[in-house]
Amino acid sequence: MDPTDVQHDSPVFVTPNGLTVRWLGTAGYELTSAEGPILLIDPYVTRVGLVRYLTRRIVPDAALVAEAFSRADAILVGHSHFDHVMDVPLIAQRSGAHVHGSRSTANLMQAMGLPAAQFTALDKDAPTTFEVGPFKVTAVPSVHSRFALGKKVPYAGDIPCTCEVHLKGSQYRCGDVFSFLVDYHGYRLYHLGSANLIEDAIPREARGVDLLLMCIAARFATERFVPRTLAAFTPERVMPMHYDFMWRSADKPMRLLPRTDFGRLVAEVRTFSREPSVLTLPILVRPPAGPPSQRV
Ligand SMILES: [Zn+2]
C-alpha cells in the first residue's frame, strides 16, 4: 500500500465548518479559515537537494516561497530542524506573520532582523494557549523521535543566538519541541510533527480530536508509537505526514522516505478499536486557484 491509495479526492481537505487544510509536504500545513486568517505550521517548501544540504549553507528558494504563500497571519514551529524552520524567517519577513516556536526558532528570527514583537518563544515546560483570529491554539511541550545512532535525537541542542540566518543543514539544531492543538470553531486538529510523544503532557481537550496530523518519519525508533499515539488522542481521522523524501523537489514525483512501511501503518490504525479513518493529501506547494471556499 502507498499513500495515494488513501488519498483524498481533492487537492485540499475542507472541514465541515469550512477550514481548508493544505499539505505543503514534510510536516508543513496551511490552515485557511473561512473568515480569512491563515495559520501555517512547519511550512517548508524549498526542499533543498541532498548534495547541497550535505555540503553548503542552505537557503530558502525565495521565488518558490513567494509563489507558495500570498499571506499568513501566524506560523507555528514544532522544532528547529531545517525541514521545519528553514523557510520560516523568510515567510515571516514577507508576510508579517507572527512566529511561535522555541528559543532556537526565535534566535533565527532575530538573525533575520525581524522585530522582537513578531515572535514568541514558547514555554518549554507548560502548555501555552493563544488565539490567532478564529483559531485557538495550544502549544504543548513534546519530544523528538530518537533515531540517530545510539538512539539519540539527531542534531540535538539549540541554535545559538547568532548573526547568521543561513546555516548548514547540521546547524539547524532541534531545539525545544512542541506539538499543537488547533481549535477552529469546535473542530479540533492536532499537529504532531515528530514521531514521539509525552502522553502526560497532552491536554484533555486533545482527546477525541477530529483530525490528527501524525508524523510517521522514523516512527520505529519510538516504542509502540502508533498504538500509543492513537490511545492518547483517540482521533476521528488520521492524516499521516512527513513520509515524503524531503530532499526532492515537489515538482518531481514523490519518493517515500526509507522505512515508511505505509501499509503497516494503515493496518495498525485500522486495528485500533475506534477505527479512525486514514486520509492523505497530495503535496501542494503552490496554492490552488480561487478563494478557499472553492478549493474543493
Ligand atoms: Zn526533526
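Quick summary incoming for the structure in this document.

What counts, and at which threshold
Residues numbered from 1 in each chain as written. Predicted model: local features only at pLDDT ≥ 70, side-chain atom pairs only at ≥ 80, totals over all residues. Helix = DSSP H or I, 4+ residues; strand = E, 2+ residues; numbered from the N terminus. Rg over C-alpha atoms; globule rule 2.2 N^0.38 Å. Buried ≥ 20, exposed ≤ 12 C-beta atoms within 10 Å, placed from the backbone. Contact = placed C-beta atoms within 7 Å. Pairing = 2+ DSSP bridges. Right-handed = clockwise from strand over helix to strand, strands pointing away. Core = buried A, V, L, I, M, F, W, Y, C linked by C-beta atoms within 7 Å. Axes fitted to C-alpha atoms, helices over the stretch in contact; angles between N-to-C directions. Left-handed = near helix turned anticlockwise from the far one by under 90°. Nonpolar A, V, L, I, M, F, W, Y, C, P; charged D, E, K, R; others polar.

1. A few points about the overall build of the chain
Okay, step 1: The number of helices and strands found in the chain is seven helices and 14 strands.
Okay, step 2: Against the compact-globule benchmark of 19 Å for 296 residues, the chain has a radius of gyration of 17 Å, which places it among compact chains.
Okay, step 3: The dimensions of the chain, computed from C-alpha atoms along their principal axes, are 50 × 45 × 40 Å.
Okay, step 4: Put simply, the chain has 296 residues, and 46% of those count as buried.
Okay, step 5: By sequence separation, contacts in the chain at least 24 residues apart represent 66% of the contacts at least 6 residues apart.

2. Description of the pairing of strand β12 (residues 211-215)
Okay, step 1: Along β12, five of the five residues are buried, which leaves the element largely enclosed by surrounding structure.
Okay, step 2: Relative to strand β13 (residues 237-241), β12 is paired through five bridges, and the arrangement is parallel. Within β13, the position partnered with C215 by the bridge is M241.
Okay, step 3: Remark: the β12/helix α6 (residues 225-233)/β13 crossover connection has right-handed handedness.

3. Topic: the nonpolar core
Okay, step 1: Judged by nonpolar contacts, the single largest core of 82 residues is most densely connected at L39, I75, L212 and L213.
Okay, step 2: Considering each element in turn, this core owes the most residues, six residues, to strand β10 (residues 177-184).
Okay, step 3: Beyond its immediate stretch of four places on either side in the chain, L39 contacts L31, D73, A74, L76, V132, F135 and V182.

4. What to know about the environment of M254
Okay, step 1: Examined against the element boundaries, M254 turns out to sit in the loop between β13 and α7 (262-271).
Okay, step 2: With 16 C-beta atoms counted inside 10 Å, the residue M254 sits in the partly exposed group.
Okay, step 3: For the pair M254 and I283, spaced 29 residues apart in sequence, the C-alpha to C-alpha distance is 8.5 Å.
Okay, step 4: If near-sequence neighbours (up to four positions away) are discounted, M254 is found in contact with D244 and I283.

5. Focus: the sheet that holds strand β4 (residues 38-41)
Okay, step 1: Across the sheet, seven strands lie side by side as β1-β2-β3-β4-β5-β6-β7; this open sheet has mixed pairing. Two strands bound the open sheet, and with one partner strand each, they are β1 (13-14) and β7 (119-121).
Okay, step 2: One ladder, built from four bridges, connects strand β3 (residues 28-32) with β4; its direction is antiparallel. Its bridge partner being in β4, Y29 is matched across the sheet by I41.
Okay, step 3: Helix α4 (residues 88-95) contacts β4, β5 (74-76) and β6 (98-101) of the sheet and is inclined by roughly 165° relative to β5.

6. Focus: unusual backbone geometry
Okay, step 1: Although it is not a glycine, R47 adopts a positive phi angle of roughly 50°.
Okay, step 2: Following the sequence through the fold, R47 ends up in the loop between β4 and α1 (50-55).
Okay, step 3: Of the residues examined, R47 has 25 C-beta atoms within 10 Å and is grouped as buried.
Okay, step 4: Within the chain, D261 stands out as a residue other than glycine whose phi angle is a positive 45°.
Okay, step 5: Tracing the backbone shows D261 in the loop between β13 and α7.

7. Here we look at the sheet that holds strand β8 (residues 128-132)
Whenever strands of a sheet pair, they do so through backbone hydrogen bonds, lying parallel or antiparallel.
Okay, step 1: Read from one edge of the open sheet, seven strands run β8-β9-β10-β11-β12-β13-β14, paired in mixed fashion. Two strands close off the open sheet at either side, each with one partner strand: β8 and β14 (277-278).
Okay, step 2: Pairing of β13 with β14, which is carried by two bridges, proceeds in the parallel orientation. Bridging from a neighbouring strand, R237 pairs with S277 of β14.

8. Things to note about the packing of α6 against α7
Okay, step 1: The N-to-C vectors of α6 and α7 enclose an angle of 40°; their axes lie 10 Å apart at closest approach. Between α6 and α7 lies a crossing of right-handed hand. Contact residues: V226, P227 and L230 in α6; L265, E268 and V269 in α7.
Okay, step 2: Partitioned by chemical class, the residues of the contact of α6 with α7 number five nonpolar, no polar and one charged.

9. Focus on helix α5 (residues 103-111)
Okay, step 1: When we look at burial in α5, the residues that qualify are S104, T105, A106, N107, L108 and M109.
Okay, step 2: Of the surrounding secondary structure, the elements contacted by the buried residues of α5 are α3 (82-85), α4, β6 and β7.
Okay, step 3: Of the residues one or two after α5, G113 is the one with positive phi, at around 85°.

10. Topic: the environment of F82
Okay, step 1: Assignment of secondary structure puts F82 in helix α3.
Okay, step 2: By C-beta crowding, F82 is classed as buried, having 22 other C-beta atoms within 10 Å.
Okay, step 3: C-alpha separation for the pair F82 and D42, spaced 40 residues apart in sequence, amounts to 9.9 Å.
Okay, step 4: In this structure, F82 is in contact with I58, G169 and Y172, ignoring residues within four places of it in sequence.

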